[in-house]
Amino acid sequence: MNSLNKEEINLPIRLAIVLPCFNENESIELTASELTSLITEMTHEGVLKKNSFILFVDDGSTDKTWPIIVRLHRDSHAIKGLKLSRNFGHQAALLAGLNAVTNECDAAISLDADLQQDPSAIKKFLCEFRKGSDIVLGVRNDRKTDGWLKKQTASGFYMLMKTMGVNIIPDHADYRLLSKRALEALSLFPEPNNFLRATCLLLGYRKSTVNFDVRERKIGQSKYTVSKMIRLALHGITSFSIVPLRIVTLIGFLIFFGSMFMLLYALWKVLFFGDTVPGWASTIAPIYFIGGIQLICLGVVSEYIGQIYTTVKNRPRWICEDKLD
Ligand code: UDP
Ligand code: MG
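Residues numbered from 1 in each chain as written. Chains lettered and ligands numbered in written order. Predicted model: local features only at pLDDT ≥ 70, side-chain atom pairs only at ≥ 80, totals over all residues. Heavy atoms only, no water.

Student: Please clarify how the overall build of the protein should be interpreted in this entry.
Tutor: A tally of helices and strands in the protein yields 10 helices and eight strands. A compact globule built from 325 residues should have a C-alpha radius of gyration of about 20 Å, whereas the protein, at 25 Å, is more than 25% larger. Projected onto its principal axes, the C-alpha coordinates of the protein cover approximately 95 × 45 × 40 Å. For the protein, the residues scored as buried account for 42% of the 325 residues in total. Taking all contacts inside the protein whose residues are at least 6 apart in sequence as the whole, residues at least 24 apart take part in 84%. A total of about 17500 Å² of accessible surface is found on the protein, and carbon and sulfur atoms cover 63% of it. (Helix = DSSP H or I, 4+ residues; strand = E, 2+ residues; numbered from the N terminus. Rg over C-alpha atoms; globule rule 2.2 N^0.38 Å. Buried < 20%, exposed > 50% of the residue type's maximum accessible area, 1.4 Å probe, protein only. Contact = heavy atoms within 4.5 Å. Areas by Shrake-Rupley, 256 points an atom, 1.4 Å probe, with all protein chains shown as cover.)

What follows is the structure in structure tokens.
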């Protein structure tokens with residue numbers, strides 16, 4: 001049983017839908033109308049309470065996103081807004097939104113503002129919630145709508161995460177439901193570079209998954225640049241796995257033993273045969289080889305030092321500039 005008790009299980013719940021948005025002025029109006037109709041429909045079906053709502057988190061957009069949210073809020077009490085003071089990134093914006101709704105709902109569902117993730121799956125999420133799940137994870141059916149690069153990087157990423165021992169569900173992004181108590185548990189994780197799809201699996205509680213379709217982005221372009229994707233992957237690995245550090249140590253040992261072996265071999269040659277041929281390649285090649293490996297290892301260690309550095313500074317993970325309740 002999740003946050004709902006036995007008497008509440010068949011009663012309507014108050015749902016919050018959280019949507020981070022960055023320069024989404026072209027898509028949010030359509031998103032708002034599609035989600036508002038869904039909420040109204042589920043309110044009539046007795047699934048949701050009338051005061052269920054949608055929260056748009058403006059992640060420092062430079063276009064008309066915020067003025068549109070203000071207008072949508074003026075027209076409908078079901079639409080709320082949160083404006084961050086600058087672009088903090090998708091994960092931070094999502095966390096800011098989830099944090100803001102923790103005490104305002106029985107459960108929250110997060111999804112992208114472009115509605116690429118089919119919102120009709122929300123009903124299935126709520127079904128799982130009613131069955132007692134605190135965390136419901138949306139898993140996409142296929143990657144037909146992704147381009148070649150995204151498909152390859154995604155499958156490479158999941159393989160890498162698995163090798164690094166990070167527990168994540170393949171093809172689950174940030175379309176998920178969290179119950180009130182799961183939201184409360186999430187607020188106990190203060191890390192600056194949160195990687196929500198792995199953190200949510202650390203919360204405990206009962207989990208289940210729901211399959212959904214991904215649609216083409218109707219309007220606007222992807223706001224996830226390649227550098228943002230790489231940053232997310234690096235944060236995912238360095239905040240959930242120390243396997244890369246172990247690999248560095250292992251490489252160090254392997255090279256050390258390898259060089260010892262070479263030394264003994266050279267000694268043996270000199271002592272017993274005296275025919276060592278002075279070679280240019282055999283001197284220069286290992287210098288480049290070891291130099292390269294040392295720099296890679298230094299880079300890996302620096303990634304972790306970077307994580308410690310940002311964590312120790314304890315800077316705010318987001319700054320709220322405006323709020324529409
Ligand atoms: N987003 C955000 N901050 C950013 C980048 C993206 O809040 O710095 C939001 C964006 O508005 C969207 C969601 O994150 O609601 C997913 O981004 P997008 O649809 O561009 O990514 P893709 O679907 O291409 O992976
Ligand atoms: Mg998208």
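Next comes the rest of the description.
Student: Any chance you could explain the site of ligand 1 here in plain terms?
Tutor: Surveying the vicinity of ligand 1 reveals 18 residues, the closest of which are Asp59, Asp114, Lys150, Ser222 and Lys223. Between an oxygen atom of ligand 1 and a side-chain N or O atom of Lys150, the distance comes to 2.6 Å. For ligand 1, an oxygen atom lies 2.3 Å from a polar atom in the backbone of Lys223. Taken by itself ligand 1 offers 540 Å² of open surface, and the protein chains cover 93% of this. Split into classes, the residues belonging to the shell around ligand 1 amount to five nonpolar, five polar and eight charged. (Near = heavy atom within 4 Å. Polar contact = N/O pair within 3.5 Å; in protein donor to acceptor, adjacent residues only side chain to side chain. Nonpolar A, V, L, I, M, F, W, Y, C, P; charged D, E, K, R; others polar.)

Student: Where do I start with the coordination of the magnesium ion (ligand 2) in this structure?
Tutor: Perfect tetrahedral coordination of a metal by four donors corresponds to 109.5 degrees between them, and perfect octahedral coordination by six donors corresponds to 90 or 180 degrees. Distances from the magnesium ion (ligand 2) to its protein donors, namely Asp114 (OD) and Gln116 (OE1), fall within the range 2.0 Å. Exposure class is identical for Asp114 and Gln116. Each is buried. (Donors = N, O, S within 2.8 Å, 3.2 Å for Na, K, Ca; no water.)

Student: Help me understand helix α8 (residues 226-238) in this model?
Tutor: An α-helical turn contains 3.6 residues, so any two residues separated by three or four positions project in the same direction. If you check α8, its first and last C-alpha atoms are 18 Å apart, about what 13 residues at 1.5 Å a residue would give, namely 18 Å. Three or more residues of α8 are buried, namely Leu232, Gly236, Ile237 and Thr238. (Expected span 1.5 Å × (residues − 1).)

Student: Teacher, can you tell me more about the pairing of strand β3 (residues 79-84) here?
Tutor: Counting buried residues in β3 gives six out of six residues, a clear majority hidden from the surface. The two faces of β3 match: Ile79, Gly81 and Lys83 on one face and Lys80, Leu82 and Leu84 on the other face are all buried. Here five bridges tie strand β2 (residues 53-58) to β3, and the two strands are oriented parallel to one another. In the sheet register, Phe56 faces β3, and the bridge partner there is Gly81. (Pairing = 2+ DSSP bridges.)

Student: Looking at this structure, how should I read the state of the cysteines?
Tutor: Disulfides are covalent bonds that link the sulfur atoms of two cysteine residues. Here the structure, examined in full by the defined rule, presents zero disulfides. Free cysteine: Cys200, not disulfide-bonded; nearest cysteine sulfur from Cys105 at 14 Å. Looking at Cys200, the relative accessible area reads 0%, which means it is buried. (Disulfide = S-S within 2.5 Å.)

Student: Sorry if this is basic, but what is going on with the pattern of salt bridges here?
Tutor: Pairing between side chains becomes possible if they bear opposite charge and their charged atoms approach one another. Evaluation of the coordinates by the stated rule reveals 13 salt bridges. A salt bridge links Glu24 to Arg217; the shortest N-O distance between them is 2.8 Å. Highlighted residues: Glu24 in the loop between β1 (15-21) and α1 (28-44) and Arg217 in the loop between β7 (207-212) and α8, separated in sequence by 193 residues. Among the residues examined, Glu24 registers a relative accessible area of 6% and is labelled buried. For Glu45, the salt bridge goes to Lys123, with nearest N and O atoms at 3.5 Å. One end of the pair, Glu45, is in the loop between α1 and β2; the other, Lys123, is in helix α4 (residues 122-130), and 78 residues separate them in sequence. Residues joined in a network through salt bridges with shared partners are Glu24, Asp114, Arg217 and Lys223. (Salt bridge = Lys/Arg side-chain N within 4 Å of Asp/Glu carboxyl O.)

Student: Looking at this structure, how should I read the packing of aromatic side chains?
Tutor: Between two aromatic rings, the relevant description is the distance of the centres plus the angle of the planes. Under the counting rule described, the total for this entry stands at five aromatic pairs. Ring plane angle 40° and centroid distance 4.7 Å describe the contact between Phe125 and Tyr175, whose orientation is recorded as tilted. Taken together, the positions of Phe125 in helix α4 and Tyr175 in strand β6 (residues 172-179) put the pair 50 residues apart, joining distant regions of the chain. Side by side, Phe125 and Tyr175 carry an identical accessibility label, which is buried. Put simply, the rings of Phe125, Tyr175 and Phe212 pair up and form one aromatic cluster. Over the face of the ring belonging to Phe88 we find Arg86, whose NZ or CZ atom lies 3.9 Å from the ring centre. (Phe/Tyr/Trp six-rings, centres within 6.5 Å; stacked < 30°, edge-to-face > 60°. Lys NZ or Arg CZ within 6 Å of the ring centre and 35° of its normal.)

Student: Is there a simple way to think about the pairing of β7 in this case?
Tutor: Every other side chain in a regular strand lies on the same face of the sheet, so the side chains alternate between the two faces. By the alternation rule, side chains of β7 split into Ser208, Val210 and Phe212, which are all buried, and Lys207, Thr209 and Asn211, of which none is buried. In terms of strand pairing, strand β5 (residues 135-140) meets β7 through six bridges, oriented parallel. Paired with Ile135 across the bridge in β7 is Lys207.

Student: Explanation requested: the confidence of the model for the protein in the structure shown.
Tutor: Parts of the model with low pLDDT should not have their predicted coordinates read in detail. Taken over all residues, the pLDDT of the protein has a mean of 87, while the share at 70 or more is 95%. Between the elements of the protein, mean pLDDT differs from a low of 79, seen in helix α10 (residues 281-313), to a high of 98, seen in β2. (pLDDT = per-residue confidence, 0-100.)

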